[in-house]
Amino acid sequence: MPDASVDAAEAAGRPRIAIEAVTPSVDAGRFPVKTIIGRAVTVEADIFADGHEVLRAEILWRGPDDADWRREPMAELVNDRWRGAFTPTGIGPHSYAIEAWRDDFGTFRRDLTKKREAGIDVALETDEGLQLLEDHASAAPAELARPVADVVLRTRPSDVSARVTALLDHATAAAAKAADPRAHATRSAPLPLEVERIRAEFASWYELFPRSESGDPARHGAFRDVIRRLPMIRDMGFDVLYFPPIHPIGKTNRKGPNNTLTPGPQDTGSPYAIGSEEGGHDAIHPELGTLEDFQALVRAAKEHGLEIALDFAIQCSPDHPWLKEQPGWFKWRPDGSMKYAENPPKKYQDIVNVDFYGPDAVPGLWEALRDVVLFWAENGVKTFRVDNPHTKPFPFWEWMIAEVKRKHPDAIFLSEAFTRPKVMYRLAKIGYSQSYTYFTWRNHKHELAAYLTELTTTAPKDFFRPHFFVNTPDINPFFLQTSGRPGFLIRAALATTLSGLWGMYNGFEVCESAPLPGKEEYLDSEKYQIRIRNWNQPGNIIQEITRLNRIRRENPALQSHLGVEFFNCFDDQILYYGKPRPSADGAEIQDMILVFVTLDPNYERTAPYELPLWRFDLPDDGTVAVEDLMRGNSFTLTGKNQTIYLNPNELPFHVWRLTKQGAAI
């Protein structure tokens, strides 16, 4: 019921203009929408008012260094839906809102035009128009009022016909628009926007264990060995080099090969058992080198166009200094012992977890963990892959990531949360730039299409960026265990063309797949021992990975997961999709990346498909030019109905660039 205590004057001050259903928006503004620098943000809203007056609207937006709002116009689409766009030019937290108002002079001009065309005497209307301009001038600053006042002075002595001409003149409309007092102006509540650098959405990650880079199974690798590998990683087209934890490794309950509990004296243990007498999360494992060595690696990587990403794993070896120095950061059992970590049926006897709400944890533990990230950021690391963030408190992540980004707005956080969708999405909302996904286990046509459709057309499109890793040290997918070289090419093609973010753990390029029997784990896992590989062994797919990464760099359509469209190919084993070149203004499509991937690694496939001529505004008998980006040849296709052939033993996918005949690429 209406509030009876509100008087008429107060009620009259309420907005006459409604601004509703503003998009994009995440949970009504509780969390920021995500975008990248230089990309136009398209904003829509339902904007309407009582009556028939002309309305105008603008987007108001500002970045972290803007004292005042910047403005961009909005235009009405249909049925009171309005749209506009703005383009952030810096990174960091932004905000945007919508302001709408009655355009009284615009309403007058519309009605005057109609009356004149109907032959109605408009003498009195011209007096009203001049009075309206005088009102605009009296309320405007001097520099805006003067052009409007000049129109009134020139026009008032004129006859009716000359007055009409002057009032409907475009210059008069422009002067009135600039001086408009914006009657009944209404502003929506500001919405948050997080603008990040391009690598938050477009990057190719390569993961390796520095300790395996010596080339000698008897010698522990060091950062200087990684420096020698940088040219090869760069030449494959990667731009992010990611390491598992590089910190001192504990000895208590140290793991041996294949996760055994009986290590020998020379066994290296798991780098996830963080902490020993040499230090904790802000220290370096002595056999890898010194902090100066690490800084040299960061500099060398930058010279090769690579940046270093580090693993941030919030767990401790029983030997971690924090257990003695800060016992209140842990949960102790009644007998004085501590329960080791586990994720049934997996057991992690070599690590224990912190207690985020322990007796001394707030603020001590929270600040110490934040300071660990800041320490590495100040040593040149701005990208962090976070281990199992879904097992730590949401409030901690929202606070910690905001604290880091306050000092380092270019920081990027990748969530390694293989868990329930709503939990993964919440982590993205509270600050994670990227997330691992279910892609690793999506092998069938319908589930791949459904998953990408969810990520690109429903709510997650505004805040969730999927990172498609084809394998990890923890995950040796069953598909790769049995599919041979074609299977590795299939997964690489899917990852590199479906998402702007993809990654691989080394060994993938030489089709490494030997499993622990019955498990999605690697035999002789590098998590527990040094692994030396021959990168030139027969059957490697280095050339294909290099080509795919190059295609991604050269084609903006492949630099995001957004924009993917699935088309009809009449074979349940062929995934067929396209990505038009991004266009900020909705212009007609001139070129599109078209991808066919067979999901069958064993047999040749031939199938009919529909060429998407309609996306180029071409008839069913139209013609497009095709450039085969993997094979390097060109041809034309005419007609909607076509046939595709895929041979997994040659190349189990096609990546084409389609253009309208005669259009410039």
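Going by what an unreviewed UniProt entry lists, the protein is known as Alpha-1,4-glucan:maltose-1-phosphate maltosyltransferase and is assigned to Hansschlegelia zhihuaiae. Annotation of the protein in UniProt includes, under Sequence similarities (unreviewed entry), the sentence "Belongs to the glycosyl hydrolase 13 family. GlgE subfamily."

Parsing the protein into structural domains produces domain 1 (8-103 + 186-195), domain 2 (105-179), domain 3 (203-316 + 373-558) and domain 4 (565-660). Put simply, the middle of domain 1 and the middle of domain 2, counted by C-alpha atoms, are 29 Å apart. With five residues of domain 1 at the interface, the matching set in domain 2 holds five residues. It is Val54, Arg56 and Asp103 that lose the most area in domain 1 upon contact with domain 2, and together they represent 78% of the buried surface on that side. Between the two partners, domain 1 and domain 2, sit zero salt bridges. The tally of links between domain 1 and domain 2 comes to five residue pairs in polar contact (both at pLDDT 80 or more). Its residues assigned to classes, the side of domain 1 that touches domain 2 shows one nonpolar, one polar and three charged.

Moving on, we come to the sheet that holds strand S11 (residues 240-243). Pairing in this closed barrel of eight strands is parallel, and the strands run S10-S11-S12-S15-S16-S17-S18-S19 around the ring. For this sheet the average axis-to-axis angle between neighbouring strands, irrespective of direction, equals 25 degrees. By the bridge criterion, four bridges tie S11 to strand S12 (residues 307-312) in an arrangement that is parallel. Bridge pairing in S12 links valine 240 to glutamate 307. Sheet strands touched by helix H7 (residues 223-235): strand S10 (203-207) and S11. Its angle to S11, the strand with the most contacts, is close to 140 degrees.

Our focus in this paragraph is the pattern of salt bridges. Applying the stated criterion across every chain, the model contains 51 salt bridges. Among the ionic pairs, aspartate 27 bridges to lysine 429, the shortest N-O distance being 3.0 Å. Pair noted here: aspartate 27 is in the loop between strand S1 (17-23) and strand S2 (33-36) and lysine 429 is in helix H12 (residues 421-429), with a separation of 402 residues, a long-range link. Note on aspartate 27: relative accessible area 40%, which makes it partly exposed. We classify lysine 429 as buried; its relative accessible area is 15%.

We now examine the UniProt feature "active site" (unreviewed entry) in the protein. Annotation from UniProt places "active site" (unreviewed entry) at Asp387 and Glu416. The largest pairwise C-alpha distance within this set of annotated residues, which runs over 30 residues, is 5.4 Å, so the set is compact in three dimensions. Its location among the elements puts aspartate 387 in strand S15 (residues 383-387). Of the residues examined, aspartate 387 reaches a relative accessible area of 7% and is grouped as buried. Here aspartate 387 is in contact with Tyr272, Asp311, Phe312, Ala313, Gln315, Lys392 and Glu416, once residues within four sequence places are set aside. Of the polar contacts made by the side chain of aspartate 387, one reaches the side chain of arginine 385; its length is 2.9 Å. Residues in contact with glutamate 416, not counting those within four places in the same chain, are Arg385, Val386, Asp387, Asn388, Pro389, His390, Tyr436 and Asp474.

Since one α-helical turn is 3.6 residues long, residues separated by three or four positions face the same way. All of the buried residues along helix H5 (residues 160-167) are Arg163, Val164, Ala166 and Leu167. The arc enclosing the buried residues of H5, seen along the axis, measures out at 165 degrees, which places them on a common side. Turned more than 90 degrees away from the buried face of H5 sit Ser161 and Thr165, all of them exposed. Residues of H5 that are buried make contact with helix H2 (104-117), helix H3 (123-139), helix H4 (142-155) and helix H6 (170-179).

Here six strands make up an open sheet; going across it, the order is S20-S21-S22-S27-S24-S25 and the pairing antiparallel. Every interior strand has two partners, whereas the edge strands, strand S20 (565-566) and strand S25 (634-638), have only one. Across seven bridges, the pairing between strand S22 (residues 591-598) and strand S27 (residues 653-660) is antiparallel. By the bridge assignment for S27, phenylalanine 596 is matched with histidine 654. Against the sheet, helix H14 (residues 478-498) makes contact with S20, strand S21 (574-580), S22 and S27, and its axis sits at roughly 25 degrees relative to S21, the strand it touches most.

Over its 14 residues, helix H11 (residues 394-407) extends 21 Å from the first C-alpha to the last, a length consistent with the 20 Å expected when each residue adds 1.5 Å. Of the residues making up H11, those classed as buried are Phe396, Trp397, Met400, Ile401, Glu403, Val404 and Lys405. Its buried side turned inward, H11 meets strand S9 (191-196), S12, helix H10 (364-377), S15, strand S16 (412-416) and H12.

Here the focus is the pairing of S21. The buried count for S21 comes to seven of seven residues, which makes it a mostly enclosed element. The two faces of S21 match: Ile574, Tyr576, Gly578 and Pro580 on one face and Leu575, Tyr577 and Lys579 on the other face are all buried. One ladder, built from two bridges, connects S20 with S21; its direction is antiparallel. Paired with glutamate 565 across the bridge in S21 is glycine 578.

Further remarks concern the nonpolar core. Of all hydrophobic cores here, the largest spans 128 residues; its most connected members are Ile47, Phe294, Trp397, Phe413 and Leu494. Per-element accounting of this core gives the leading share, 10 residues, to H14. If we skip the residues at most four places from it in the chain, phenylalanine 413 touches Val373, Phe384, Val386, Met400, Ile401, Val404, Tyr432, Ser433 and Gln434. In this structure, Tyr609, Phe616, Val624 and Ile644 belong to the second largest nonpolar core, which totals 20 residues.

In this chain, threonine 23 is followed by proline 24 through a cis amide linkage whose omega measures 0 degrees. Look at the link from valine 362 to proline 363: it is a cis peptide, with omega at 10 degrees. By the element assignment, proline 363 lies in the loop between strand S14 (346-348) and H10. One non-glycine residue with positive phi stands out, namely alanine 21, at about 50 degrees. Positionally, alanine 21 belongs in strand S1. The partly exposed category is assigned to alanine 21, whose relative accessible area is 45%.

Tallying each qualifying case throughout the model produces 40 aromatic pairs. Between the aromatic rings of tryptophan 366 and phenylalanine 396, the centroid separation amounts to 5.4 Å while the plane-to-plane angle is 90 degrees, which identifies the pairing as edge-to-face. Here tryptophan 366 is found in helix H10, whereas its partner phenylalanine 396 is found in helix H11, with 30 residues between them in sequence. Positioned over the ring face of tryptophan 69 is arginine 62, at 4.0 Å from the centre of the ring. The side chain of arginine 182 reaches across the aromatic face of tryptophan 101, ending 3.7 Å from its centre.

Tracing the chain through its elements places glutamate 526 in the loop between strand S19 (501-505) and helix H15 (542-554). Distance from glutamate 526 to lysine 115, taken between C-alpha atoms, is 82 Å for residues 411 residues apart in sequence. In contact with glutamate 526, not counting residues within four places along its chain, are Phe209, Arg211, Ser212, Tyr505, Asn506, Arg531 and Arg533. Of the polar contacts made by the side chain of glutamate 526, one reaches the side chain of arginine 533; its length is 2.9 Å.

Conventions used here
Residues numbered from 1 in each chain as written. Predicted model: local features only at pLDDT ≥ 70, side-chain atom pairs only at ≥ 80, totals over all residues. Heavy atoms only, no water. UniProt positions renumbered as here; feature names shortened; annotations may be inferred. Domains from an automatic or database assignment. Contact = heavy atoms within 4.5 Å. Buried area = accessible area lost by both parts, 1.4 Å probe. Salt bridge = Lys/Arg side-chain N within 4 Å of Asp/Glu carboxyl O. Polar contact = N/O pair within 3.5 Å; in protein donor to acceptor, adjacent residues only side chain to side chain. Nonpolar A, V, L, I, M, F, W, Y, C, P; charged D, E, K, R; others polar. Pairing = 2+ DSSP bridges. Helix = DSSP H or I, 4+ residues; strand = E, 2+ residues; numbered from the N terminus. Axes fitted to C-alpha atoms, helices over the stretch in contact; angles between N-to-C directions. Buried < 20%, exposed > 50% of the residue type's maximum accessible area, 1.4 Å probe, protein only. Arc of directions from axis to C-beta. Expected span 1.5 Å × (residues − 1). Core = buried A, V, L, I, M, F, W, Y, C linked by side-chain atoms within 4.5 Å. Phe/Tyr/Trp six-rings, centres within 6.5 Å; stacked < 30°, edge-to-face > 60°. Lys NZ or Arg CZ within 6 Å of the ring centre and 35° of its normal.

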